[in-house]
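The chain contents come next:
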Amino acid sequence: KSSGFLLVTVLFMTTLLLIAGMALLGKQAIDDPESRQASERAQARALAWAGLEDVMAKLEKDISFPPPGAVDQREFSWTETVSDLDGTAAGDYTVRLDMRKAEAHQLIVVESTGWIGSSSNPTAQVTLLAEIDLRSAELTYYRIVNFLER
């Protein structure tokens, strides 16, 4: 009689564990797209930061950066593709410099956008807006004085 009770108890516990395992797997399948999206957004943010760091490095290395264009040219932009260590494209960033505040306020407005996927239909995209204080170059480095992420 006790072996029958033990068998029913073991079957009941096995059924409960099976249901709990299936529920956990179902929840994991639901969370997977969300975690992929969060990971891609973090990668896009890192790409946007790479664009901002690219500007800072170019400013510190070249006193005449950005290169002279037309007399009234006040905006400059470029796009870079960033690759993984194995050479596959990880994503892209575009940097846009607005020099309209440079003479009067000693500021460069930078917009750096990083994205994963195609530029026309990215799976994740982050834009960083920053103002770089040109007066801080006297201290041998440039300083970000205003910053916004969108």
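Cut-offs used in this document
- Residues numbered from 1 in each chain as written.
- Predicted model: local features only at pLDDT ≥ 70, side-chain atom pairs only at ≥ 80, totals over all residues.
- Heavy atoms only, no water.
- Core = buried A, V, L, I, M, F, W, Y, C linked by side-chain atoms within 4.5 Å.
- Buried < 20%, exposed > 50% of the residue type's maximum accessible area, 1.4 Å probe, protein only.
- Helix = DSSP H or I, 4+ residues; strand = E, 2+ residues; numbered from the N terminus.
- Contact = heavy atoms within 4.5 Å.
- Pairing = 2+ DSSP bridges.
- Axes fitted to C-alpha atoms, helices over the stretch in contact; angles between N-to-C directions.
- Patch = residues over 30% accessible without salt bridge, like charges linked within 9 Å, V, L, I, M, F, W, Y side chains within 5 Å.
- Areas by Shrake-Rupley, 256 points an atom, 1.4 Å probe, with all protein chains shown as cover.
- Salt bridge = Lys/Arg side-chain N within 4 Å of Asp/Glu carboxyl O.
- pLDDT = per-residue confidence, 0-100.

1. Quick word on the nonpolar core
Consideration 1: Grouped together as the largest cluster of nonpolar side chains are 18 residues, with contacts concentrated most on Val55, Leu97 and Val110.
Consideration 2: Secondary-structure elements contributing two or more residues to this core are helix H1 (2-61), strand E1 (75-83), strand E2 (89-98), strand E3 (107-117) and strand E4 (122-133).
Consideration 3: Of the residues forming this core, the biggest block, four residues, is contributed by H1.
Consideration 4: Those residues within four positions of Leu97 in sequence are excluded, and the remaining contacts are Val55, Phe65, Pro66, Arg74, Glu75, Phe76, Trp78, Ile108, Val109 and Val110.
Consideration 5: Grouped together as the second largest cluster of nonpolar side chains are seven residues, Ala44, Ala48, Ala124 and Val126 included.

2. Topic: the environment of Asp72
Consideration 1: Mapped onto the fold, Asp72 is located in the loop between H1 and E1.
Consideration 2: On the basis of relative accessible area, Asp72 is assigned to the exposed category, the value being 64%.
Consideration 3: Distance in space between the C-alpha atoms of Asp72 and Arg100 is 9.9 Å, their sequence separation being 28 residues.

3. Considering the sheet that holds E4
Consideration 1: The five strands lie next to each other as E1-E2-E3-E4-E5, forming an open sheet whose pairing is antiparallel. In this open sheet, the two edge strands, each paired with only one partner strand, are E1 and strand E5 (143-149). Here the average twist between neighbouring strands, direction ignored, is 20°.
Consideration 2: Relative to E4, E3 runs antiparallel, the two being bridged by 11 bridges. Residue pairing across strands places Val109 opposite Glu131, the latter belonging to E4.

4. Quick word on a nonpolar patch on the surface
Consideration 1: Together, Phe12, Met13 and Leu16 make up an exposed nonpolar region whose accessible area comes to about 310 Å².
Consideration 2: Its location among the elements puts Met13 in helix H1.

5. Here we look at the pattern of salt bridges
Consideration 1: For the structure shown, the criterion picks out 11 salt bridges.
Consideration 2: Among the ionic pairs, Glu149 bridges to Arg41, the shortest N-O distance being 3.8 Å. Of this pair, Glu149 sits in strand E5 while Arg41 sits in helix H1, and the two are 108 residues apart along the sequence.
Consideration 3: Judged by its relative accessible area of 34%, Arg41 is partly exposed.
Consideration 4: Close ionic contact of Arg100 with Asp98 constitutes a salt bridge, the shortest N to O distance being 2.5 Å.
Consideration 5: Classification of Asp98 as buried rests on a relative accessible area of 8%.

6. A short note on the confidence of the model for the chain
Consideration 1: For the chain, the mean per-residue pLDDT works out to 84, and 87% of the residues sit at or above 70.
Consideration 2: For the chain, helix H2 (residues 102-105) is the element with the lowest average pLDDT, namely 76, and E4 is the one with the highest, namely 94.

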